[in-house]
Amino acid sequence: MSAPVVRVTLRGLWFRRRRLVGLFVAVFLGVAFLAGILGLSATMTDAIDTSYQTANRGVDAIVRSGTEVASGADEIRGPIPVSVLDAVRSAPGVADAQAEAKGAATITGADGKLVTGLGPRDAGTWIADAALNPWRIVAGSAPRGPADIVIDRASATAGHLTPGSTTTVYAPDPVRVTVTGIATYGGQDANGGSSYVAFTLAGAQRYLLGDSGAVSDIVVRADTGVAEDSLVAAIGAALPDGVEAVGGRQATRDQIATVDDGFLKFFKAFLDIFAGIALLVAALSIHNTFSVVAAGRARELALLRVLGARRSQALRGLVLEAAVLGLVGSVAGVAAGYGMAAGLKGAFAGLGLPLPLHGVVFTVADALIAVGVGVVVTVVATLSTAVRASRTPPLAALTAVAVDTSAASRARPVAGLAVTAAGAAGTAFGAAGSSDVVTGVAAVATLVGLIILGPATCAWAARAAGRFLGGANRVNARIAQRNVLRSPARVASAGAALMVGVALVAMFAVIGASISASTTGTLGAMFTGDLVVSGGGSAYGNSGFSPQVATRVAAVPGVGTAAGVGTGQARIAGTAQTVTVADPVALARAFTIAAGAGRLAVSRTVAEEHGWHTGSRVDVTFVDGRTETLPIGALYRPTAPLSDYIVPADVWSAHNPRQLVSAVYVVTTPGADTGAVRAAVTSIAGEYGGLAVAGRAKFVDDTVAGASTLLNVVYVMLALAVVIAILGIANTLALAVAERYREIGLLRAVGAGRAQVRRIIQWEALLTAALGTVSGTVLGVFFGWALSSTTSNSGGGEVFAVPWVRIALIVLIGALAGLVAGSRPARRAARLDPLVAIASE
Amino acid sequence: MSQTRPSGRQATLVADVAARTEAASKVYGRGGSAVTALDGVTVDFPAGAFTAVMGPSGSGKSTLMHCLAGLDRTTAGKVYLGDVDLGTLDERRLTALRRTRIGFVFQSFNLLPTLSAAENISLPAELAGIRLDAARVDRVIDAVGLRGRSAHRPSQLSGGQQQRVAVARALVTDPDLIVADEPTGNLDSRASGDVLGLLRSAVTDFGRTVVMVTHDPGAAGYADRVVFLADGRIADVMTEPTADRVLDAMKGLTR
Ligand SMILES: Nc1ncnc2c1ncn2[C@@H]1O[C@H](COP(=O)(O)OP(=O)(O)OP(=O)(O)O)[C@@H](O)[C@H]1O
Ligand SMILES: [Mg+2]
């Protein structure tokens, strides 16, 4: 690139730095968000990798059950016979082999309260061979008796437990234990957010498996010089059917891969969507700001052309300008991304979605990606403006600066209307035909159509508003309205950024309300019980509690039925599924689901997908590797907290002897003293570490609230996009004020007071924000309707509900945000000295 | 340039004073870089008269106009509109005064580009919260010869037409004082003649008071009096000016 272009560009950038602040901020925020999200993803990946690598560091092979029933992070496999241990030990190349029994156990602190945390409550076996045990004792000693335990240092600190303390662990039945040692995991106080309890093998077998003849798996250390695959082959030859051996390194890779394309993939995609939205909104803001700045420079560009600059030189200068701005904003954004990652982590935790992470990992590659994306987005967003501005005829230098009239195209409104109409029709069609692909694509088309239609909508809305606004504000409103009308394209693109943000917020509000309404409706109709005992929050993680609770509650006078319902994993019709485990007879009393003994109950959604109906026979493979063919006894409307499959407990327990329960649904007998029943149930719940007891209404509310947790996270993620959009409006207005110094001065000279000038700008801000908010809200409600009917038509049974109060609030906040956005430019305009304005130029 | 002057002007010569300054001074900046734009100017602007203000570039004409119109404040001395001392008014009162009692016509950029001619004309009144009746706006538009153009935007009007709209706007609120700073500075002689004729008739036919800055001796010929400024001081006051006498006086000032 030629030196003068570069020099003029860089000088100009410095000279105009105040005007470009808004552009910088848009790039900065968009990239900071992206970098924060990349950082968060990297941190999670790193935490998971480290955790698994530490777990298997000295393990050369693992011997375990060959049946896999769970897909995802939780390795749920059935136990194997302890007799396998001797076979493994005598296999060639094996230096040491240790059996372990695993499960879950919640620790009670010295104050009698459960030690809760951000992860599962793991329990296992203390292994003396340091190569096979990722834990290191830092205080006290290894367990000797079955009632001795070693715990992680984080739990010890939180629960004020020291070597020698006695306490209770729920494993899941309460066990009195003595803490003999405190351990660390790979130098950390805990393994991520999980707690850890290690028994002796005998203790672990007794409390975690309930079977002294079984173990969960066997970890093997090889003789020096024995390769992993030959070790695996040697052990494999000695194993009975249904038991397999895998290499330690291989197991680590598999575990990491499972998490990577399971939960992590979903989580990263989820985060990336919001980074994309923030960048899209930032791009709209950048586009707009740059076009205003370029319009203000038409004369300068024309002068350059008069002086002999070629069109291509002008274009290169403009692109370079955008690239430099993009680079500066992106680098600053990446720097702020670290803080953003930490902030997101905090926000997630605050919303009940805690991530068990230490610190933040930030890779050079991620930093480069964020900077690259920032620069590319900036250049692309400004390209059309740069091309248009570079076409400024030299003659423009000699004539007065014209008002920016970039919306002149006649084809644009027609095209916009066509795309919008086609998109909306497609969305509705997709919703009716329950095709989420059609709905999604058409929804995006609708959005694009509206953006194309923007200037026309804006002009129309400004005219309508002009007719609508009367009274004392008449002149102010009219001048503001005319200002909007002079460059509707500019106002429309400032409003479009807000429209996108608001549409998404409104859409999620509608979907959230619809889900809440259907859950409330469905669960309210299906649940016929009176009380629910549950783990209540994160204390138990996925692990559930002792089935004894159900048995004991059932014995309380006045209790008719106490249905203990658990959660488990099984392969159904070939794929791994999460299932609900319940006694069909008891369940039929607490819910309107009557499958009958030995029969499955299946949600209508799943039944429709597979073409099943009552009486269909379905293969179920259990964790012990055996498969049974069960008839379907009932279909039901899907609802939290039930999963899509309910497996009868009598069949289940033959394969899973140690099934835990996650809730006990209580039905009282007619005429029972409900107060007394509740008191008795609460007292039992207290003996198991303070389980939560809820009445019917609270149970429904809690379930609905649980379903909305993710929604709150979504709102936080969208908040940034909305903030960027509002800043964009503020920025556009500030530039517009700078452009109109003379007009404002004239207004003041002919008698407009400062307050009037301020109100004129505020009106303009309000019109812009209202345009974005109202169109965004309408669009969002429409999308929400389309999505919820797409799912309801596919058997989800969703109700379409519009949260009017929330929607009104969104519109109100949008309008207020407009006023906030307008306040600074308005104040600046009001402060203008009329004489300075007259003298300027 | 020997146009017949309307005969009403003698009668208004000794009437009361619409605006005046008393030892008005205006200093821009401080210390070594201070510029004295007005240096103890004491001058009366009789009501119902057309006063032209002339002088070399930089002599303080615009500054004087800004002070008279309440757009700027003097650093010493007083400015009166009728018997109101502008120095005692706060920002809010000055603004109110500007929109009801003063009309202003600048050399250019007098109109909001987004408003039509008629809307520009009624702007000061509307800012004051007064609804002007349409008949009145029409009368003023007729008076400035723009019937049929009232719905046009400034960009659709010629420079001369724009200045006539500006004059109409200055007239419509019946102000006590109309201040015009080189209103014909950008116009050719025909368009200038139209605008000056309008200002003249505002005085003669409607009894308004006009103070106008001009560099054109011919334009000064429309006035009842000419006040000459040089270096921020009153150099001379001439009554019954003609273009030739004004030209002579100007030569004396510039040396
Ligand atoms: N804002 C300002 N700051 C500093 N000096 C100023 C300012 N405005 C005017 N001046 C100075 O005050 C003096 C009088 O200026 P003024 O604009 O009143 O002159 P003028 O008679 O209107 O000239 P012209 O015929 O060129 O319009 C000049 O020397 C000018 O440089
Ligand atoms: Mg001047």
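Treat the numbers as computed from the prediction; the structure is a model and nothing was measured. (Residues numbered from 1 in each chain as written. Chains lettered and ligands numbered in written order. Predicted model: local features only at pLDDT ≥ 70, side-chain atom pairs only at ≥ 80, totals over all residues. Heavy atoms only, no water.)

Undergrad: Explain the sheet that holds strand β2 (residues 35–46) of chain B residue by residue, including any values.
TA: All names here are of chain B. What the 4 strands build is an open sheet, ordered β2-β1-β4-β5; its pairing is antiparallel. On the outer flanks of this sheet lie β2 and β5 (84–85), each paired with one strand and no other. The pairing of strand β1 (residues 17–28) with strand β4 (residues 76–81) spans 5 bridges and is classified as antiparallel. Bridged to serine 25 within β4 is alanine 76. Sheet strands touched by helix α2 (residues 61–68): β1, β2 and β4. Its angle to β2, the strand with the most contacts, is close to 60 degrees. (Pairing = 2+ DSSP bridges. Helix = DSSP H or I, 4+ residues; strand = E, 2+ residues; numbered from the N terminus. Contact = heavy atoms within 4.5 Å. Axes fitted to C-alpha atoms, helices over the stretch in contact; angles between N-to-C directions.)

Undergrad: Kindly report on the pairing of strand β20 (residues 627–636) of chain A, identifying the contributing residues and their values.
TA: All names here are of chain A. In this sheet, β20 lies alongside strand β18 (residues 600–603) in parallel orientation, the contact comprising 4 bridges. Residue pairing for β20: valine 602 is matched across the bridge by leucine 635. The pairing of strand β19 (residues 617–621) with β20 spans 5 bridges and is classified as antiparallel. Each residue of the ladder has a partner; that of valine 618, found in β20, is leucine 630. Here β19 hands over to β20 after 5 residues, with glycine 625 in that stretch at a positive phi of 95 degrees.

Undergrad: Tell me about the interface of chain A and chain B, and please be specific about residues and values.
TA: By a widespread convention, an interface's size corresponds to the accessible area lost as its parts come together. The partner chain B presents 24 residues to the 22 residues of chain A that form the contact. Contact between chain A and chain B buries roughly 2,300 Å² in total, counting both sides, with carbon and sulfur atoms accounting for 64%. The tally of links from chain A across to chain B stands at 5 salt bridges. For Arg482(A), the salt bridge goes to Glu119(B), with nearest N and O atoms at 2.6 Å. Here chain A is connected to chain B by 8 residue pairs in polar contact (both at pLDDT 80 or more). At the level of secondary structure, the elements contributing two or more residues to the side of chain A that touches chain B comprise α13 (474–486), α21 (741–749), α22 (754–796) and α24 (834–839) of chain A. It is α13(A) that provides the largest number of residues to the side of chain A that touches chain B, a total of 7 residues. In terms of residue class, the side of chain A that touches chain B is built from 10 nonpolar, 5 polar and 7 charged. (Buried area = accessible area lost by both parts, 1.4 Å probe. Salt bridge = Lys/Arg side-chain N within 4 Å of Asp/Glu carboxyl O. Polar contact = N/O pair within 3.5 Å; in protein donor to acceptor, adjacent residues only side chain to side chain. Nonpolar A, V, L, I, M, F, W, Y, C, P; charged D, E, K, R; others polar.)

Undergrad: Outline the packing of helix α7 (residues 248–296) of chain A against helix α14 (residues 488–526) of chain A, supporting the account with residue identities and numerical values.
TA: Residues and elements named next belong to chain A. Direction vectors running N to C along α7 and α14 enclose 170 degrees, while the axes themselves pass 9 Å from each other. Classed by the angle they form, the pair α7 and α14 counts as roughly antiparallel. For the pair α7 and α14, contact is made by Ile277, Leu280, Val281, Leu284, Ser285, His287, Asn288, Val292 and Ala295 and by Arg490, Ser493, Ala494, Ala496, Ala497, Val500 and Leu504, respectively. Its residues assigned to classes, the contact of α7 with α14 shows 11 nonpolar, 4 polar and 1 charged. (Parallel < 35°, antiparallel > 145°, perpendicular 65-115°, else oblique.)

Undergrad: Go over the pattern of salt bridges, please, and point to the residues and values.
TA: For the structure shown, the criterion picks out 26 salt bridges over all chains. Notably, a salt bridge pairs Glu126(B) with Arg478(A), separated by 2.8 Å at the nearest N-O pair. Residue Glu126(B) is found in helix α4 (residues 117–127), and its partner Arg478(A) is found in helix α13; the two belong to separate chains. No difference in accessibility class separates Glu126(B) from Arg478(A), as the two residues are buried. The salt bridge involving Asp39(B) is made with Arg233(B); its shortest N-O contact spans 2.7 Å. Placement of the pair is Asp39(B) in strand β2 and Arg233(B) in strand β10 (residues 233–239), with a sequence separation of 194 residues. The exposure class of Asp39(B) is partly exposed, given its relative accessible area of 28%. Linked through salt bridges whose partners overlap, the residues forming this network are Arg478(A), Arg482(A), Glu119(B) and Glu126(B). (Buried < 20%, exposed > 50% of the residue type's maximum accessible area, 1.4 Å probe, protein only.)

Undergrad: Can you break down α13(A) residue by residue, with the values?
TA: Along an α-helix, residues three or four positions apart point the same way, because every turn accommodates 3.6 residues. Residue and element names in this part refer to chain A. Between its first and last C-alpha, α13 extends 18 Å over 13 residues, near the 18 Å set by a 1.5 Å rise per residue. Counting buried positions over the 13 residues of α13 gives 11, a clear majority of the element. Of the positions making up α13, those classed as buried are Val475, Asn476, Ala477, Arg478, Ile479, Ala480, Gln481, Arg482, Asn483, Val484 and Arg486. (Expected span 1.5 Å × (residues − 1).)

Undergrad: Explain unusual backbone geometry to me, using residue names and the numbers behind them.
TA: All names here are of chain B. Even without glycine at this site, aspartate 174 takes up a positive phi of about 55 degrees. Take aspartate 174: it is sitting in the loop between α6 (159–172) and β7 (177–181). In this model, aspartate 231 sits at a positive phi of 50 degrees, which is unusual for a non-glycine residue. Position of aspartate 231 relative to the elements: it lies in the loop between β9 (225–230) and β10. By relative accessible area, which is 60% here, aspartate 231 ends up exposed.

Undergrad: Now, about the site of ligand 1: what can you tell me, with residues and values included?
TA: Residue and element names in this part refer to chain B. Lining the immediate surroundings of ligand 1 are 13 residues, of which Ser57, Gly58, Lys61, Ser62 and Thr63 lie closest. Backbone polar atom of glycine 60 to an oxygen atom of ligand 1: 3.0 Å apart, as the coordinates give it. Within the side chain of lysine 61, a nitrogen or oxygen atom sits 2.7 Å from an oxygen atom of ligand 1. The fraction of the free accessible surface of ligand 1 (630 Å²) that becomes covered by protein chains is 59%. Of all the secondary-structure elements, those providing two or more residues to the shell around ligand 1 are β2 and α2. At 3 residues, the largest contribution of residues to the shell around ligand 1 is made by α2. Among the residues making up the shell around ligand 1, the classes are represented as 4 nonpolar, 7 polar and 2 charged. (Near = heavy atom within 4 Å. Areas by Shrake-Rupley, 256 points an atom, 1.4 Å probe, with all protein chains shown as cover.)

Undergrad: So, the sheet that holds strand β13 (residues 217–222) of chain A: which residues are in play, and what are the values?
TA: Residue and element names in this part refer to chain A. Strand order in the open sheet formed by 4 strands is β3-β13-β1-β14, and the pairing between neighbours is antiparallel. Strands at the two margins of the open sheet, each flanked by one partner only, are β3 (94–100) and β14 (243–247). For this sheet, the mean angle separating the axes of adjacent strands, direction not counted, is 20 degrees. Set on the sheet, helix α6 (residues 228–237) makes contact with β1 (61–65), β3, β13 and β14; between it and β14 the angle comes to about 170 degrees. Most of the contacts of α7 go to β14, to which it runs at about 90 degrees, and overall it touches β1 and β14.

Undergrad: Before we move on, can you summarise the packing of helix α9 (residues 311–350) of chain A against helix α10 (residues 364–390) of chain A with the specific residues and values?
TA: All names here are of chain A. Here α9 crosses α10 at 150 degrees, and the two axes come no closer than 8 Å. When the axis of α9 is compared with that of α10, the two are roughly antiparallel. Pair α9 / α10 crosses with right-handed handedness. The class makeup of the residues in the contact of α9 with α10 is 18 nonpolar, 6 polar and 1 charged. (Left-handed = near helix turned anticlockwise from the far one by under 90°.)

Undergrad: I'd love a proper account of the side chain of Asn288(A), names of residues and values included.
TA: Residue and element names in this part refer to chain A. Positionally, asparagine 288 belongs in helix α7. For asparagine 288, a relative accessible area of 2% gives the class buried. Within polar-contact distance, the side chain of asparagine 288 engages the side chain of threonine 732 at 3.0 Å. Not counting residues up to four positions away in its chain, the partners in contact with asparagine 288 are Arg490, Ser493, Ala494 and Thr732.

Undergrad: Requested: an account of a positive patch on the surface, with residues and values cited.
TA: All names here are of chain A. A cluster of like positive charges, contributed by Arg758, Arg759, Arg824, Arg827 and Arg831, occupies part of the molecular surface. Breaking the positive patch down by element, the ones donating at least two residues are α22 and α23 (804–831). Take the positive patch: its biggest share by element is 3 residues, from α23. For arginine 759, the position within the fold is in helix α22. Judged by its relative accessible area of 38%, arginine 759 falls in the partly exposed class. (Patch = residues over 30% accessible without salt bridge, like charges linked within 9 Å, V, L, I, M, F, W, Y side chains within 5 Å. Lys, Arg positive; Asp, Glu negative; His and termini not counted. Charge placed at Lys NZ, Arg CZ, Asp CG, Glu CD.)

Undergrad: Can you tell me about the nonpolar core, naming the residues and giving the values?
TA: Counting residues in each nonpolar core, the largest one holds 146 residues, and the members touching the most others are Met717(A) and Leu123(B). Residue contacts for Met717(A): discarding those within four places in its chain leaves Phe33(A), Ile37(A), Leu271(A), Phe274(A), Leu344(A) and Phe348(A). (Core = buried A, V, L, I, M, F, W, Y, C linked by side-chain atoms within 4.5 Å.)

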